[in-house]
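Summary of structural features
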Amino acid sequence: MALSTGFDKIKTAVFISGKGSNLKSLIKFSKNKRSPISIDLIISSNSKALGLNYSKNFNIKKKILNFNNKRLVENKLLLELKKNNIEMICLAGFMKILSKRFIKNFKNKILNIHPSLLPKYKGLNTHQRVLNNNEKFSGCTVHFVSAKLDSGKIILQKKVKIKKNDTKKTLAKRILVQEHKLYPKAILKVFNF
Ligand code: GRF
């Protein structure tokens, strides 16, 4: 992807639904001189998302949207993104599925992080399914978002070894640490930095 605004950073929105630890790591990364992106907007599908606190802490605009009516909310969202000159979207623990129509508006400009080695274990409850299958490795993947869930082109992956006594909690925790490193790396890769 080429940098479309000269030396200006790419204006980015992060979509969340929960804790927002990936959001935090992306905000920290965006403050780095070497980062191609700035984070200018936080979108949350959940008014109680803890990650919304980072809006105040880092002085970033936030918008909470109710996704009950997908078509309506996506129209609102598109307007909001336009109003804020958003060029790129990072999904980070965002629990809603965006429509084909919405994705078309940001073709190859929406990234997602998923806590498995895609194409294995798409969807929810990843860690438990991985453990149930006695896998030796799991990990995380950053990929472009396409209309099919967790199926867009893979940008980067990180493998994590599964330990004998791992529970879904301990595994999720170890993978999350890697997610925080992988997302910024994947963004650098996308922009050929
Ligand atoms: C992460 O494991 C992410 O891969 C998944 O949901 C979790 C979100 O964590 N999609 P956080 O909200 O970024 O802390």
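For the structure, see preceding data.
Now for a look at the structure at hand.

The environment of the ligand is made up of K19, G20, S21, N22, G93, I113, H114, P115, L176 and E179. Measuring from an oxygen atom of the ligand, one finds a backbone N or O atom of N22 at 2.9 Å. At a separation of 2.7 Å, an oxygen atom of the ligand approaches a polar side-chain atom of E179. Look at the ligand: alone it shows 360 Å² of surface, and the protein chains cover 81% of it. Mapped onto the shell around the ligand, the elements with two or more residues apiece are α1 (21-30), β5 (110-114) and α6 (168-190). Across the shell around the ligand, the residue classes tally to three nonpolar, five polar and two charged. For the shell around the ligand, the two domains that each supply at least three residues are domain 1 (10-107) and domain 2 (115-140 + 156-193).

This next bit is on unusual backbone geometry. The linkage connecting L118 with the following residue, P119, adopts the cis geometry, with an omega of 10°. Secondary-structure assignment places P119 in the loop between β5 and α5 (126-132). A positive phi is found at N59, a non-glycine position, where the angle reads about 55°. In this fold, N59 is placed in the loop between α2 (53-57) and β3 (61-64). Look at N125: it is not a glycine, yet its phi comes out positive at around 55°. Inspection of the secondary structure assignment puts N125 in the loop between β5 and α5. By relative accessible area, N125 is classed as partly exposed at 47%.

For the rest of this paragraph, the subject is helix α3 (residues 70-83). Here α3 is 14 residues long and its end C-alpha atoms lie 20 Å apart, about the 20 Å a rise of 1.5 Å per residue gives. For α3, the set of buried residues is V73, E74, L77, L78, E80 and L81. One side of α3 holds all its buried residues, which, seen down the axis, span an arc of 165°. Every exposed residue of α3 that faces more than 90 degrees away from the buried side is listed here: R71, L72, K76, L79, K82 and K83. On its buried face, α3 sits against β1 (10-16), β2 (37-44), β3, β4 (88-91) and α4 (100-104). With a side-chain oxygen lying 3.3 Å from the backbone nitrogen of R71, the N-terminal cap of α3 falls on N69.

Closest axis-to-axis distance for the α1/α6 pair is 9 Å, and the angle between their directions is 45°. By the angle between their axes, α1 is oblique relative to α6. Handedness of the crossing formed by α1 with α6: right-handed. Facing α1, whose interface residues are S21, N22, S25, L26 and F29, α6 presents L176, E179, H180, Y183, P184, I187 and L188. For the contact of α1 with α6, the class distribution of residues is seven nonpolar, four polar and one charged.

Here the focus is α1. Each α-helix winds once per 3.6 residues, and so residues spaced three or four apart point in a common direction. Most of α1 is tucked away: eight of the 10 residues are buried. Of the positions making up α1, those classed as buried are S21, N22, L23, S25, L26, I27, F29 and S30. Of the surrounding secondary structure, the elements contacted by the buried residues of α1 are β1, β2, α2, β4, β5 and α6.

The rules we used
- Residues numbered from 1 in each chain as written.
- Predicted model: local features only at pLDDT ≥ 70, side-chain atom pairs only at ≥ 80, totals over all residues.
- Heavy atoms only, no water.
- Near = heavy atom within 4 Å.
- Polar contact = N/O pair within 3.5 Å; in protein donor to acceptor, adjacent residues only side chain to side chain.
- Areas by Shrake-Rupley, 256 points an atom, 1.4 Å probe, with all protein chains shown as cover.
- Helix = DSSP H or I, 4+ residues; strand = E, 2+ residues; numbered from the N terminus.
- Nonpolar A, V, L, I, M, F, W, Y, C, P; charged D, E, K, R; others polar.
- Domains from an automatic or database assignment.
- Buried < 20%, exposed > 50% of the residue type's maximum accessible area, 1.4 Å probe, protein only.
- Expected span 1.5 Å × (residues − 1).
- Arc of directions from axis to C-beta.
- Contact = heavy atoms within 4.5 Å.
- Axes fitted to C-alpha atoms, helices over the stretch in contact; angles between N-to-C directions.
- Parallel < 35°, antiparallel > 145°, perpendicular 65-115°, else oblique.
- Left-handed = near helix turned anticlockwise from the far one by under 90°.

These figures capture arrangement, not role.
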